[in-house]
Amino acid sequence: LAKTTQPISMDSYEGQEVNITCSHNNIATNDYITWYQQFPSQGPRFIIQGYKTKVTNEVASLFIPADRKSSTLSLPRVSLSDTAVYYCLVGDRTGGFKTIFGAGTRLFVKA
Amino acid sequence: DAGVTQSPTHLIKTRGQQVTLRCSPKSGHDTVSWYQQALGQGPQFIFQYYEEEERQRGNFPDRFSGHQFPNYSSELNVNALLLGDSALYLCASSLWGSNTGELFFGEGSRLTVL
């Protein structure tokens, strides 16, 4: 399983765009990159998943360069409610995989 | 459409006791994974059940065991509790053949061992 490295914490202000970068130098050909969000005392929630280039949904965008050794989660115009822990995960998404979480990035959004 | 439900939400045990935690997966899901989350840490993978069999296991001792029932619900059992077992225990359900592998988590069961 590819190991991931992401910043321990980040601060931002309401209305700003936040970019969280994750390094995964040993990513395998079959691996996908998935991001989860977790609020205190709740289980993590799936945000976005991608394999290469750019993926966008109603919540975030995911940028993956051609070498796939890193990825960037982009949250547009954050609000106070985006204060949470964000986890970057790398792994095969077929049946039988085990989803491994790292320490995550604690994002603090200030007013 | 009910999401993942876990019970109990909170419980307190003493060292040496045994505990059973329960999980009902999201409707339509057939796979259940269990995670342990200590305060300030990311969730740690315990094991995964599919078709009533343990399919994957993390680095947890045999004191941690589980079961999946024909209706896809699952139990996590922890024997001989240690103080270090105090944590939030999360259940996540998924569909084995899905094309995203997305996990849906419950609210968790917070276990305190005294």
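Residues numbered from 1 in each chain as written. Chains lettered and ligands numbered in written order. Predicted model: local features only at pLDDT ≥ 70, side-chain atom pairs only at ≥ 80, totals over all residues. Heavy atoms only, no water.

Q: If you had to explain the interface of chain A and chain B to someone new, which residues and values would you point to?
A: Contacts between the two partners involve 21 residues from chain A, matched on the other side by 23 residues from chain B. Roughly 1,700 Å² is buried in total at the junction of chain A and chain B, and carbon and sulfur atoms are behind 49% of that figure. Connecting chain A to chain B are zero salt bridges. Where chain A touches chain B, the interface holds four residue pairs in polar contact (both at pLDDT 80 or more). Going through the elements one at a time, β3 (32–38) and β4 (45–50) of chain A are the ones with two or more residues in the side of chain A that touches chain B. (Contact = heavy atoms within 4.5 Å. Buried area = accessible area lost by both parts, 1.4 Å probe. Salt bridge = Lys/Arg side-chain N within 4 Å of Asp/Glu carboxyl O. Polar contact = N/O pair within 3.5 Å; in protein donor to acceptor, adjacent residues only side chain to side chain. Helix = DSSP H or I, 4+ residues; strand = E, 2+ residues; numbered from the N terminus.)

Q: Describe the sheet that holds strand β6 (residues 61–64) of chain A, listing the residues and the values that go with them.
A: Residues and elements named next belong to chain A. One open sheet holds the four strands; their spatial order is β2-β7-β6-β5, and the pairing between them is antiparallel. If you trace the sheet from one side to the other, it starts and ends with β2 (18–23) and β5 (53–56), each paired once. For this sheet, the mean angle separating the axes of adjacent strands, direction not counted, is 15°. (Pairing = 2+ DSSP bridges. Axes fitted to C-alpha atoms, helices over the stretch in contact; angles between N-to-C directions.)

Q: Before we move on, could you go through the pattern of salt bridges and cite the residues and values that matter?
A: This structure, assessed with the given rule, holds five salt bridges over all chains. Lys-110 of chain A is paired through a salt bridge with Asp-11 of chain A; the nearest N and O atoms lie 3.4 Å apart. Within this pair, whereas Lys-110 of chain A is found in strand β9 (residues 105–110), its partner Asp-11 of chain A is found in strand β1 (residues 9–13), the two being separated by 99 residues in sequence. Taking the shortest distance from any N to any O, the salt bridge between Arg-63 of chain B and Asp-85 of chain B comes out at 2.8 Å. Remark: Asp-85 of chain B occurs in the loop between β8 (74–78) and β9 (87–94) and Arg-63 of chain B occurs in the loop between β6 (53–57) and β7 (64–68); sequence separation between them is 22 residues. With respect to class, Arg-63 of chain B is no different from Asp-85 of chain B; both count as buried. (Buried < 20%, exposed > 50% of the residue type's maximum accessible area, 1.4 Å probe, protein only.)

Q: Before we move on, can you summarise the sheet that holds β9 of chain A with the specific residues and values?
A: Each strand in a sheet pairs with another by means of backbone hydrogen bonds, the pair being arranged parallel or else antiparallel. Residues and elements named next belong to chain A. The strand order across the open sheet built from five strands is β1-β9-β8-β3-β4, with neighbouring strands paired in mixed fashion. Of all strands in the sheet, those bounded by a partner on one side alone are β1 and β4. Neighbour-to-neighbour, the strand axes of the sheet open up by a mean angle of 25°, direction not taken into account.

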